[in-house]
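Residues per chain are reported as follows:
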Amino acid sequence: MLSTQYNKVFALVDCNHFYVSCERVFNPKLLNKPVVVLSNNDGCTVSLSTEAKNIGLTRAVPIFEHKDLVKKYNVQTLSSNYTLYGDMSHRVMMTLKQFSPNIEIYSIDEAFLSFHGFKVNLTDYAKTIRDTVFQWTGIPVSIGIAPTKTLAKLANHLAKKDPDNSGVYNLLEERNIDTVLSHVEVRNLWGVGSRYSKMLNREGIYTAYDLKSVDDQWIRKKMTVMGLRTAYELRGLSCIDLEHAPSPRKSIVCSRSFGKSIESLRDLREAVSNFVTRASEKLRSQDSLVSSVSVFLETNSFKVNEPQYNNSITTPLPKPTSYTPEIISHTLKGLDRIYKSGYRYKKAGVLFLGIIPNKDIQLDFFIEHNPRKNALMKAVDCINEQFGSDTIRCLSSGFKHKWKMNQNNVSQRYTTRWTEILTVKI
DNA sequence: TCTGGGGTCCTAGGACCC
DNA sequence: TCTGGGGTCCTAGGACCC
């Protein structure tokens, strides 16, 4: 089947067990061994090497549930190192940009490329991409090619699943796509999560082929327009286009589980100050202002015998701002109002809402325009960028950080700190 | 002992306005 | 005997993604 039959051609490039692969680039001892990278606080499994999967470890599971396997097979368990993964992601994406002018960076380890109008053998082209990314960054990727994004995701799934495909699966070369779709379970589709897949199975819909054959009205009713779009895309009709420029965030969250539960308001205020500081940095990096801020706190819901208390409060700010001290001050007032003593808090966080671009606000007469505050924040961001996060910060962010998350086995920031660069002994 | 974090979109229902 | 109705905005909740 020729690609010219379709209006569009997408490739989805997805890094194989990305976090584990990043760690392996700088630590070859991890090659060919079961390796797991854990979530924040060393809680759940998030990235697993093939060897780890083969001995029975699974994703998104608390690591302590796997402790027998970890011990038996000497599984390497690593804390997550987002500084490293973020930088490696950037390298992969820069490499991919060599291969198509139209690219959408979809997540830290995935990108959609448009192959539309390319007059080459796309399967061979994808293999070249795969080899180049590996050579330039050390990261293995899989590539799926199809006429819609949903089918490209599906093709990528098949590229990963079958080793015979050598990491590339081109659905355009398939004679009978329906036969392929009838072997893919609905739960593996992009846009169908665990709730929907259970519902679909109850209704007798098991495969991608089943879903694409269902009546439009029925899907619309049961799965909203999002589900209908998935069905169209499975039929080869492209409904979701590439998004070239990342749109600014409409909300910004910063929240953490604590390494150990904390009880005092003092420690909570310190933690929340830090969360506001992080969120404000993100806010300024997209040149926006925030108009209201939520703060929430939670006890440990897994400890059923402990008293539970969860609450949140949303505080409107007097005027939209990106000035950290001001946002901290209002957020802490909210925290003081919902805090109750006598509970062991496990998690807290802040949520910025009503985010507006800075440029949209400048003509408003009532907005205080304070160039000194802006200049101050710019200078602080600049210094922290160069000398490390929190080189300059608010006093309310504290020093003790009793609530700090567990990170028992974190690798070095090999690519972004001169002091942590890899040394080779010959 | 130990259970992640950060986003998006859609829909229904209530408040409010004229 | 009694009945308005349509539009917009906001929010909470539920689904999804990585």
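Residues numbered from 1 in each chain as written. Chains lettered and ligands numbered in written order. Predicted model: local features only at pLDDT ≥ 70, side-chain atom pairs only at ≥ 80, totals over all residues. Heavy atoms only, no water.

Caption draft 1: View of the sheet that holds strand 7 (residues 141-146). Spatially, five strands are ordered 5-6-1-7-8 in an open sheet, and the strand pairing comes out mixed. Single-partner strands in this sheet number two, and they are strand 5 (103-107) and strand 8 (168-170). Direction aside, neighbouring strands of the sheet carry axes that sit 15 degrees apart on average. Relative to strand 6 (residues 110-114), strand 5 is paired through four bridges, and the arrangement is antiparallel. The partner of Ile105 across the bridge, within strand 6, is Ala111. On top of the sheet, helix 6 (residues 149-161) reaches strand 1 (10-15), strand 5, strand 6, strand 7 and strand 8; it is set at about 135 degrees to strand 7, its chief contact. (Pairing = 2+ DSSP bridges. Helix = DSSP H or I, 4+ residues; strand = E, 2+ residues; numbered from the N terminus. Axes fitted to C-alpha atoms, helices over the stretch in contact; angles between N-to-C directions. Contact = heavy atoms within 4.5 Å.)

Caption draft 2: Layout of the protein's contact with DNA strand C. Taken together, 13 residues surround DNA strand C, and among them Glu110, Lys153, Gly193, Arg195 and Tyr196 come closest. Backbone atoms, meaning sugar and phosphate, make up 100% of the atoms of DNA strand C lying within 4 Å of the protein. Ser107 has a polar side-chain atom sitting 3.2 Å from a sugar or linking oxygen of DNA strand C. When residues of the surface near DNA strand C are traced back to their parent elements, those giving at least two are strand 5 and helix 8 (194-202). Considering only residue class, the surface near DNA strand C consists of five nonpolar, four polar and four charged. (Near = heavy atom within 4 Å. Polar contact = N/O pair within 3.5 Å; in protein donor to acceptor, adjacent residues only side chain to side chain. Nonpolar A, V, L, I, M, F, W, Y, C, P; charged D, E, K, R; others polar.)

Caption draft 3: A look at the sheet that holds strand 3 (residues 45-48). What the three strands build is an open sheet, ordered 3-2-4; its pairing is mixed. Each end of this open sheet is capped by a strand with a single partner; those strands are strand 3 and strand 4 (76-78). Pairwise comparison of adjacent strand axes, ignoring direction, gives a mean angle of 30 degrees for this sheet.

Caption draft 4: Main features of the protein's contact with DNA strand B. Neighbouring residues of DNA strand B: 24 residues in total, closest Val253, Ser255, Arg256, Ser257 and Lys346. The share of sugar and phosphate among atoms of DNA strand B within 4 Å of the protein is 75%. At 2.6 Å, a backbone N or O of Ser255 approaches a phosphate oxygen of DNA strand B. Between a phosphate oxygen of DNA strand B and a side-chain N or O atom of Arg256, the distance comes to 2.9 Å. Looking at the surface near DNA strand B, the elements with two or more residues in it are helix 10 (216-234), strand 9 (252-262) and strand 12 (345-357). When residues in the surface near DNA strand B are grouped by element, the largest group, six residues, is from strand 9. Each residue belonging to the surface near DNA strand B can be placed in one class, and the counts come to nine nonpolar, seven polar and eight charged.

Caption draft 5: Spatial organisation of the environment of Tyr345. Mapped onto the secondary structure, Tyr345 falls in strand 12. Between the C-alpha atom of Tyr345 and that of Glu298, which follows or precedes it by 47 residues, the distance is 5.7 Å. Here the side chain of Tyr345 touches Lys340 through a polar contact of 2.6 Å, landing on its backbone oxygen.

So far we have only geometry, and geometry alone does not tell us how the molecule works.
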